[in-house]
Amino acid sequence: MKIPLLYSVVYFAVSGWAQNNNNNNNNSTIIGEDIIGERDELEPSVLIAVLVRNKAHTLPYFLTLLERLDYPEDRISIWIRSDHNEDSSPAILKAWASDVESRREYHSVSVETIDSPPYRQPDQTVSAVQWTSKRFRHVIRLKEAALQIARKIWADYIWFLDADAFIVDPQTLRRLISKKKDIVAPMLSSGGLYSNFWGGMQNYYYVRTDDYKEILDRKKSGCFTVPMVHSCYLMNLRKKVVATFERVNETIPEDDIILFATNAKSKNLTMEVCNDHQYGFILAPLDDKQDLRQDYAQMMNLRVEIASYWPTSMEIMPKLSRWAPEDPKMTTLGFDKIYVINLKRRPDRLLKMKNALAILGFEYQLVEATDGR
């Protein structure tokens, strides 16, 4: 017997921006690290599209960072869909959406979650993180629906954003819009070789290139044309032609990111990745045979990585704190003591270390270093 999918919906303020959409240019100017200038006209309108599945361990951080974006909320519409969860993702999303609705700050918010079994799609037999043909088709339909909604409400841009992409720079959206690109992605770090772009593509699949490592390591800085961006990218909808998730021909694999990239190429739209700032971080995807426990461990490692660069960025907002991960049991890893030796004149290094050790649950004793000066 087929069990019907029950949806919980939070939705409000869906009207379009048509009356203010004409010639809305961003008059702000970016100089160095700062954004300056008067903004006499309305900021461009943006729909942020997010798909969520089994991301309860990332959502408190993701949603906190989403709310910290330095961009007028009344120029942002948020569109979130979540299904086939085996964790508390729906509860987190509904609580967050209810709070956001009460404040009425965003132009519109649409959150839909599946609240009942089946927790997995029929062909998802290996693990909760398995990517199957039905899952790909489902994701493609949802992303195409988000794109159609964005165009229906006359949004100037659509920002596709994964729930395990952490935008630590609050200026990210402003910076991306100011670049005036067809499709642009902020380069995200994972602590390893994985990122949200491809350096090369052959027969529709990933190919590692020399340029990839140079861009990833920031040996060259700027915005670079690449064959693929994914997980976090902004598309300009004010262009006469935009990319979709429709197949250009039947030989293309049924994969949302490949369909989008090939569709963009067929329309002569450029995809670019920018590494001129530390925009944020991203979790690497799991293999089909892995399970959510590996993602939890990966999340802890990424939090340590982020603590080294943005020590306070992953502090969860109070309203989501009940879903924060439990504090780890304090340990000395079997040693009598762990010592942290730090120069008194380098409190910045100590703050990074304290944050990292708190995440890992390491009990330590602070020792002031001898200053060679």
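These figures come from a predicted structure and were not determined experimentally. (Residues numbered from 1 in each chain as written. Predicted model: local features only at pLDDT ≥ 70, side-chain atom pairs only at ≥ 80, totals over all residues. Heavy atoms only, no water.)

1. A closer look at the environment of V207
Turning to step 1, where the next piece is worked out: Within the fold, V207 resides in strand 13 (residues 205-207).
Turning to step 2, where the next piece is worked out: Its relative accessible area of 27% is what places V207 among the partly exposed residues.
Turning to step 3, where the next piece is worked out: Non-local contacts of V207, meaning those with residues more than four positions away in its chain, are made with G199, G200, M201 and Q202. (Helix = DSSP H or I, 4+ residues; strand = E, 2+ residues; numbered from the N terminus. Buried < 20%, exposed > 50% of the residue type's maximum accessible area, 1.4 Å probe, protein only. Contact = heavy atoms within 4.5 Å.)

2. Some words on the nonpolar core
Turning to step 1, where the next piece is worked out: Ranked by size, the top nonpolar core spans 51 residues in total, and within it W159 and L161 carry the most contacts.
Turning to step 2, where the next piece is worked out: The element contributing the most residues to this core is helix 1 (residues 59-67), with six residues.
Turning to step 3, where the next piece is worked out: Ranked by size, the runner-up nonpolar core spans 39 residues in total, among them M187, V229, A264 and V273. (Core = buried A, V, L, I, M, F, W, Y, C linked by side-chain atoms within 4.5 Å.)

3. With respect to the packing of aromatic side chains
Turning to step 1, where the next piece is worked out: For the coordinates displayed, the defined rule picks out ten aromatic pairs.
Turning to step 2, where the next piece is worked out: For the ring pair W131 and F136, a centre distance of 4.8 Å and an interplane angle of 35° mean the geometry is tilted.
Turning to step 3, where the next piece is worked out: For W131, a relative accessible area of 34% gives the class partly exposed.
Turning to step 4, where the next piece is worked out: Judged by its relative accessible area of 18%, F136 falls in the buried class.
Turning to step 5, where the next piece is worked out: Arranged with centres 6.3 Å apart and planes meeting at 35°, the rings of F281 and Y309 form a pair that is tilted. (Phe/Tyr/Trp six-rings, centres within 6.5 Å; stacked < 30°, edge-to-face > 60°.)

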